[in-house]
Amino acid sequence: MDGISVNFVWRIAIIGNIAGTRIFDLPDQNVWYVFTTAKHASIINTLRQNIALMSRNITGTGLDLTSPFNFYIRRNADYEFRTGDVWPAGKRTIIVEWHDIVLDTTNSIGDINDPRPRALIALKDEAGNGGNIIISDKVKEVYAMIYAEWSVFSGEKTGTGLLDIYLSHGAWNIPQKQLYIRGLLISKNTIGWARQTPIVCPVTTDTCDLATAEFYDLNYFRTYDPTDPTQRAGGYTDTRLDNASMIIEYNQAILSDPPPGIENTIK
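Note that the structure is a prediction, hence the values are computed from the model and not measured.

## Side note on the overall build of the protein
For the protein, the count of helices and strands is 4 helices and 15 strands. Burial status across the protein gives 53% buried among its 267 residues. For the protein, the share of sequence-separated contacts (at least 6 apart) that also reach a separation of at least 24 residues comes to 62%. In the form shown here, the protein has an accessible surface area of approximately 12,000 Å², with 49% of it arising from carbon and sulfur atoms.

## Description of helix α2 (residues 40-55)
Helix length check: α2, at 16 residues, gives a terminal C-alpha distance of 22 Å against a target of 22 Å (1.5 Å per residue), a fit within 8%. Along α2, the residues classified as buried are H40, I43, I44, T46, L47, N50, I51, M54 and S55. Here the buried residues of α2 occupy an arc of 160 degrees about the axis, which is enough to place them on one side. Opposite the buried face of α2, at more than 90 degrees from it, the exposed residues are A41, Q49 and L53.

## A closer look at the nonpolar core
In this structure, L103, L120, I133, I135, V142, I146 and M246 are the most contacted members of the largest nonpolar core, which totals 29 residues. Among the elements that line this core, the one with the most residues is strand β14 (residues 179-186), at 3 residues. The contacts of I135, once residues within four sequence positions are left out, are L103, I146, V152, F153, S154, G155, Y166, L179, F221 and R222. In this structure, I43, I51, M54 and M145 belong to the second largest nonpolar core, which totals 20 residues.

## Section: the sheet that holds strand β9 (residues 133-135)
Strands in a sheet are paired, the pairing made by backbone hydrogen bonds, and the direction either parallel or antiparallel. In space, the 5 strands of this open sheet follow the order β5-β7-β9-β12-β13, with mixed pairing throughout. Two strands in the sheet have a free side with no partner beyond their single neighbour: β5 (79-82) and β13 (163-165). In this sheet, neighbouring strand axes are inclined to one another by 35 degrees on average, regardless of whether the strands run parallel or antiparallel. Sheet topology places β5 next to strand β7 (residues 101-104); 4 bridges connect them, and they run parallel. In the sheet register, F81 faces β7, and the bridge partner there is L103.

## Re the packing of aromatic side chains
The geometry of an aromatic ring pair is captured by two quantities: the separation of the ring centres and the angle between the planes. Applying the stated criterion across every chain, the model contains 7 aromatic pairs. Arranged with centres 5.2 Å apart and planes meeting at 80 degrees, the rings of Y72 and Y79 form a pair that is edge-to-face. The pair Y72 / Y79 is uniform in exposure class, with both members buried. Taking 5.8 Å as the distance between ring centres and 35 degrees as the angle between the ring planes, the aromatic pair formed by F81 and W87 counts as tilted. Taken individually, F81 and W87 each receive the classification buried, so the pair is uniform in this respect. Through a chain of ring-to-ring contacts, three or more aromatic side chains come together here, namely Y72, Y79, F81 and W87.

## Considering the pattern of salt bridges
Tallying each qualifying case throughout the model produces 15 salt bridges. The salt bridge partner of R118 is D114, with a shortest N-O separation of 3.0 Å. On the basis of relative accessible area, R118 is assigned to the buried category, the value being 12%. Notably, a salt bridge pairs D257 with R116, separated by 2.8 Å at the nearest N-O pair. In this pair, D257 sits in the segment after α4 (253-256) while R116 sits in the loop between β7 and β8 (119-123), placing the two residues 141 residues apart along the sequence. Judged by its relative accessible area of 22%, D257 is partly exposed.

## Quick look at the state of the cysteines
Following the criterion strictly, the structure yields 1 disulfide and no others. The disulfide partner of C201 is C208, and the S-S distance across this bridge is 2.1 Å. Where C201 bonds to C208 through sulfur, the torsion about that S-S bond is close to 85 degrees, and the disulfide is right-handed. Under the relative-accessibility criterion, C201 is labelled buried at 10%.

## Quick look at the environment of F153
One can find F153 in strand β12 (residues 152-157). As for F153 and N189, which are separated by 36 residues in sequence, their C-alpha atoms are 8.6 Å apart.

Criteria and cut-off values
- Residues numbered from 1 in each chain as written.
- Predicted model: local features only at pLDDT ≥ 70, side-chain atom pairs only at ≥ 80, totals over all residues.
- Heavy atoms only, no water.
- Helix = DSSP H or I, 4+ residues; strand = E, 2+ residues; numbered from the N terminus.
- Buried < 20%, exposed > 50% of the residue type's maximum accessible area, 1.4 Å probe, protein only.
- Contact = heavy atoms within 4.5 Å.
- Areas by Shrake-Rupley, 256 points an atom, 1.4 Å probe, with all protein chains shown as cover.
- Expected span 1.5 Å × (residues − 1).
- Arc of directions from axis to C-beta.
- Core = buried A, V, L, I, M, F, W, Y, C linked by side-chain atoms within 4.5 Å.
- Pairing = 2+ DSSP bridges.
- Axes fitted to C-alpha atoms, helices over the stretch in contact; angles between N-to-C directions.
- Phe/Tyr/Trp six-rings, centres within 6.5 Å; stacked < 30°, edge-to-face > 60°.
- Salt bridge = Lys/Arg side-chain N within 4 Å of Asp/Glu carboxyl O.
- Disulfide = S-S within 2.5 Å.

Set out below in structure tokens:
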């Protein structure tokens, strides 16, 4: 992976207010400290406790647990947004246990006009299976909080479960399209760790080399040509973000009106 253009470095913009810290970090700054203070392990533990309480009185023997409430739980297969799929009516939170969530559609994930925040939650099983969210090159806009117990990957996943990460085919296969997330992103990804000295990888990896570090580094999630309007995501209006290949805008409504399962995770 050596020789990757500097255009891939510090292309992340994170804006909002997290844990009382005002954030407007443009791509030339190291912003990952904001997320490390969020204490990923304690957040996931709280999520698991919340979901256990939410699901204790609902039943299901197939793919999905039957719930009359405003959340959706799947345990025996991935949840996929493919072309033409829309957010399930009446649900604010989509929860997948032991499998992955796959975002692979040109439609926006969620609704920009919905004032109530939504959430996508992927949790692993005891053997470490699942817990990822895979975002393909078709996706430009996600209006939901993203909680992945493992990682968020830039790639594709087939129906047979094969995960293809774009970066594995070389740096120039990274999607050249801006990605805008309105909500929050909590995962074991990193920002800028692939260019640290020495290289740093998430604790989930068995080995740590440059290629591995780049798989998890959000600097290598997308690239973007701001002179090409077809590559631009919608959802934001601040022109200071026009050069960012990936934008994460924190939705403060998570505190006042959290989606099911998110209660008490961010304070």
